[in-house]
Amino acid sequence: MNQNNTIAWSKDYFLQLSDFKADSNPAAFEDSHSTIKYSYIWTVNSEGFGDEIKFFIENIVLTTEFYPMLSWIRQSQETTLLLKHEQGHFDLAELLKPKITRHLEDAFLWKKFSTRGQNQEQQKQHARENSGLMIANEIEKWEKYLFDEHQEYDAQTNYGQILEKQQKFDDMFKKLRM
């Protein structure tokens, strides 16, 4: 776990019951909940065009992260089967990461964006801020997509209870670790 209390997806690490640190929600239908998001880093560069600075975004790198402090498993339901299903949520997010990265690259790479500011230094500062906001807005859309995909995963496997469906997903997730 890093200093931000997240666990970055790794082919060598599997979630453990101790990674689910939040209290379970007694009002929830589900026996577990995993909070998984994408963090990102990028490079912003700029070029001067007369008095105006245009910026461009490069090297977008996503990291799939699990948030222990926002994730829980109902203590009465702590089973290997449920833990494996929750690992599937984490793996599913990692499986979707290349698709999302491609869409981010399509949205930003090779494009130049204007920024505000009264001088070049201000424009460069705004370029850093604007690029971060632009990526954050795109990531927010893709996290809604991820949420929908997680719901579909839960529906198809009935939260891991339909073993043959869960096994099909597990087989797909195994390929991430090769």
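Computed from a predicted structure; not experimentally measured. (Residues numbered from 1 in each chain as written. Predicted model: local features only at pLDDT ≥ 70, side-chain atom pairs only at ≥ 80, totals over all residues. Heavy atoms only, no water.)

Colleague: How should the packing of helix H1 (residues 80-108) against helix H3 (residues 163-174) be read in this particular structure?
Modeller: The description of two helices packed together rests on the angle between their axes and the distance between the axes. Packing of H1 against H3 brings their axes to within 10 Å, and their N-to-C directions diverge by 45 degrees. Between H1 and H3, the interaxial angle falls into the category oblique. The two elements H1 and H3 cross, and the hand of that crossing is left-handed. Residues Leu81, Lys84, His85, Gly88, Asp91, Leu92 and Leu95 of H1 pack against Leu163, Gln166, Asp170, Met172 and Phe173 of H3. Its residues assigned to classes, the contact of H1 with H3 shows six nonpolar, three polar and three charged. (Axes fitted to C-alpha atoms, helices over the stretch in contact; angles between N-to-C directions. Helix = DSSP H or I, 4+ residues; strand = E, 2+ residues; numbered from the N terminus. Parallel < 35°, antiparallel > 145°, perpendicular 65-115°, else oblique. Left-handed = near helix turned anticlockwise from the far one by under 90°. Contact = heavy atoms within 4.5 Å. Nonpolar A, V, L, I, M, F, W, Y, C, P; charged D, E, K, R; others polar.)

Colleague: How should the pairing of strand S4 (residues 52-66) be read in this particular structure?
Modeller: Taken residue by residue, a regular strand's side chains alternate between the two faces of the sheet. Strand direction decides the pairing type here: strand S1 (residues 7-8) and S4, joined by two bridges, are antiparallel. The residue bridging Ile7 from the neighbouring strand is Phe66, located in S4. The pairing of strand S3 (residues 36-49) with S4 spans 13 bridges and is antiparallel. Across the sheet, Thr43 pairs through a bridge with Glu58, a residue of S4. What sits between the antiparallel neighbours S3 and S4 is a turn of two residues, in which Gly50 has the positive phi angle 70 degrees. As judged from the two bridges shared by S4 and strand S6 (residues 113-114), these two strands associate in the antiparallel manner. Bridge pairing in S6 links Lys54 to Ser114. (Pairing = 2+ DSSP bridges.)

Colleague: Any chance you could explain the confidence of the model for the protein chain here in plain terms?
Modeller: Parts of the model with low pLDDT should not have their predicted coordinates read in detail. Averaged over every residue, the pLDDT of the protein chain is 92; residues scoring 70 or more account for 98%. At the low end of the mean pLDDT range in the protein chain sits S6, at 90; at the high end sits S1, at 98. (pLDDT = per-residue confidence, 0-100.)

Colleague: In this structure, what is going on with helix H2 (residues 120-157)? I would like to understand it.
Modeller: For H2, spanning 38 residues, the distance from its first C-alpha to its last is 54 Å, which sits close to the expected 56 Å at 1.5 Å a residue. Between the side-chain oxygen at the start of H2 and the backbone nitrogen of Glu121 there is a gap of 3.1 Å, and the oxygen is on Asn119. Remark: Asn158 follows H2 within two positions and exhibits a positive phi of approximately 50 degrees. (Expected span 1.5 Å × (residues − 1). Polar contact = N/O pair within 3.5 Å; in protein donor to acceptor, adjacent residues only side chain to side chain.)

Colleague: I tried to follow the pattern of salt bridges on my own but got confused; where do I start?
Modeller: Between side chains of opposite charge, pairing is possible as soon as their charged atoms come close. Within this structure, the stated rule accounts for eight salt bridges. Where Glu140 meets Lys144, a salt bridge forms, and the shortest distance between an N and an O atom there is 3.9 Å. Separated by four residues within a single helix, Glu140 and Lys144 lie in helix H2, roughly one turn from each other. Residue classification places Lys144 among the exposed positions, given a relative accessible area of 53%. (Salt bridge = Lys/Arg side-chain N within 4 Å of Asp/Glu carboxyl O. Buried < 20%, exposed > 50% of the residue type's maximum accessible area, 1.4 Å probe, protein only.)

Colleague: Is there a simple way to think about the packing of H1 against H2 in this case?
Modeller: One can describe the packing of H1 onto H2 by two numbers: an axis separation of 9 Å at closest approach and a directional angle of 145 degrees. Crossing geometry of H1 relative to H2 is assigned as right-handed. Counting all contacts with H1, which are made through Lys84, His85, Gly88, His89, Leu92, Ala93, Leu96, Lys99, Ile100, His103, Leu104 and Phe108, the residues of H2 involved are Met134, Ile135, Glu138, Ile139, Trp142, Tyr145, Leu146, Glu149, His150, Tyr153, Asp154 and Thr157. Here the residues of the contact of H1 with H2 are counted per class, giving 13 nonpolar, six polar and five charged.

Colleague: It is not clear to me how H1 should be interpreted in this structure. Could you clarify?
Modeller: The terminal C-alpha atoms of H1, which comprises 29 residues, lie 42 Å apart, in line with the 42 Å expected from a rise of 1.5 Å per residue. Just beyond H1, the residue with positive phi is Trp110, at close to 70 degrees.

Colleague: It is not clear to me how the packing of aromatic side chains should be interpreted in this structure. Could you clarify?
Modeller: Geometry of an aromatic ring pair is reported as the spacing of the ring centres plus the angle between the planes. All chains considered together, the criterion is met by 10 aromatic pairs. For the ring pair Phe66 and Phe90, a centre distance of 5.7 Å and an interplane angle of 50 degrees mean the geometry is tilted. A residue pair is termed long-range when its members are at least 10 positions apart, and Phe66 in strand S4 and Phe90 in helix H1 qualify at 24 residues. Given the relative accessible area of 1%, Phe90 is considered buried. Pairing Tyr153 with Phe169 gives two aromatic rings, centres 4.9 Å apart and planes at 75 degrees, and the pair type is edge-to-face. With Tyr153 in helix H2 and Phe169 in helix H3, this pair connects stretches of sequence that are 16 residues apart. You can call Tyr153 buried: its relative accessible area is 1%. Feature note: the residues Phe20, Phe66 and Phe90 constitute an aromatic cluster, connected by ring pairs. The ring of Phe56 has Lys112 sitting right over it, with the charged end atom 5.8 Å from the ring centre. When the ring centre of Phe14 is taken as reference, the NZ or CZ atom of Arg177 above it lies at 3.9 Å. (Phe/Tyr/Trp six-rings, centres within 6.5 Å; stacked < 30°, edge-to-face > 60°. Lys NZ or Arg CZ within 6 Å of the ring centre and 35° of its normal.)

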